[in-house]
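So you can see what is in the structure, the chains are spelled out below.
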Amino acid sequence: MDAASFDSQRHFGLEVILPEAEQSPDSVTFKHLSEWTVRTILAQSCPKLRARNVSHFINIAANLHQMRNVHSEVAIVSALSSAPIERLKGTWSRVPKSLRRNFSRTLWGCCVHPPQTDTDCQTSRWKRCLV
């Protein structure tokens with residue numbers, strides 16, 4: 001799927017439609033950052049260039065994690081975890097293994113699927129992910 005066809009379609013999971021009065025600036029920013037990330041990756045026609053963009057966004061998410069900017073980190077991680085990006089098997093195969101491992105083990109694991117092994121409350125699990 002290229003950027004033009006992505007822009008012309010609505011994707012389940014990428015946006016929440018709320019009346020304007022109920023939308024917070026944070027939710028609008030999250031949506032725009034997530035959609036921009038997806039569009040930027042899909043705008044490249046070559047898997048090698050898309051892999052470079054994916055690697056760049058993984059590094060950005062890791063830096064946001066270190067700066068404890070959870071809002072932007074989760075926006076980028078959710079974009080990288082979206083169906084249009086996850087389907088790019090040729091692109092993901094060109095992303096260095098160390099970055100894929102970092103993304104799947106730390107960033108994606110903490111942001112999208114927090115650890116379920118502890119009996120602690122959800123908040124303490126998130127705090128451990130943020131350290």
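Higher on the page you've got the structure.
A quick note: this is a predicted structure, and the numbers were derived from the prediction, not measured.

If you look at the biggest cluster of nonpolar residues, it comprises 19 residues, and the most contacted ones within it are Ile-41, Val-54, Ile-58, Leu-80, Ile-85, Trp-92 and Val-95. If you list the elements that add at least two residues to this core, you get helix 2 (25–42), helix 3 (47–66), helix 4 (70–80) and helix 7 (97–111). Among the elements that take part in this core, helix 3 stands out by supplying six residues, more than any other. Those residues in contact with Ile-41 that lie beyond four places of it in its chain are Arg-50, Asn-53, Val-54, Phe-57, Leu-80, Ile-85 and Leu-88.

This part covers the packing of helix 3 against helix 4. Relative to each other, helix 3 and helix 4 sit at 150 degrees, their axes nearing to 8 Å. On the basis of their axis angle, the class for helix 3 and helix 4 is roughly antiparallel. In this structure, the crossing between helix 3 and helix 4 has a hand that is left-handed. The segment helix 3 lies against helix 4, with Val-54, Phe-57, Ile-58, Ile-60, Ala-61, Leu-64 and His-65 engaging Ser-72, Glu-73, Ile-76, Val-77 and Leu-80.

Parameters and conventions
- Residues numbered from 1 in each chain as written.
- Predicted model: local features only at pLDDT ≥ 70, side-chain atom pairs only at ≥ 80, totals over all residues.
- Heavy atoms only, no water.
- Core = buried A, V, L, I, M, F, W, Y, C linked by side-chain atoms within 4.5 Å.
- Buried < 20%, exposed > 50% of the residue type's maximum accessible area, 1.4 Å probe, protein only.
- Helix = DSSP H or I, 4+ residues; strand = E, 2+ residues; numbered from the N terminus.
- Contact = heavy atoms within 4.5 Å.
- Axes fitted to C-alpha atoms, helices over the stretch in contact; angles between N-to-C directions.
- Parallel < 35°, antiparallel > 145°, perpendicular 65-115°, else oblique.
- Left-handed = near helix turned anticlockwise from the far one by under 90°.

By themselves, these figures tell us nothing about what the structure is for.
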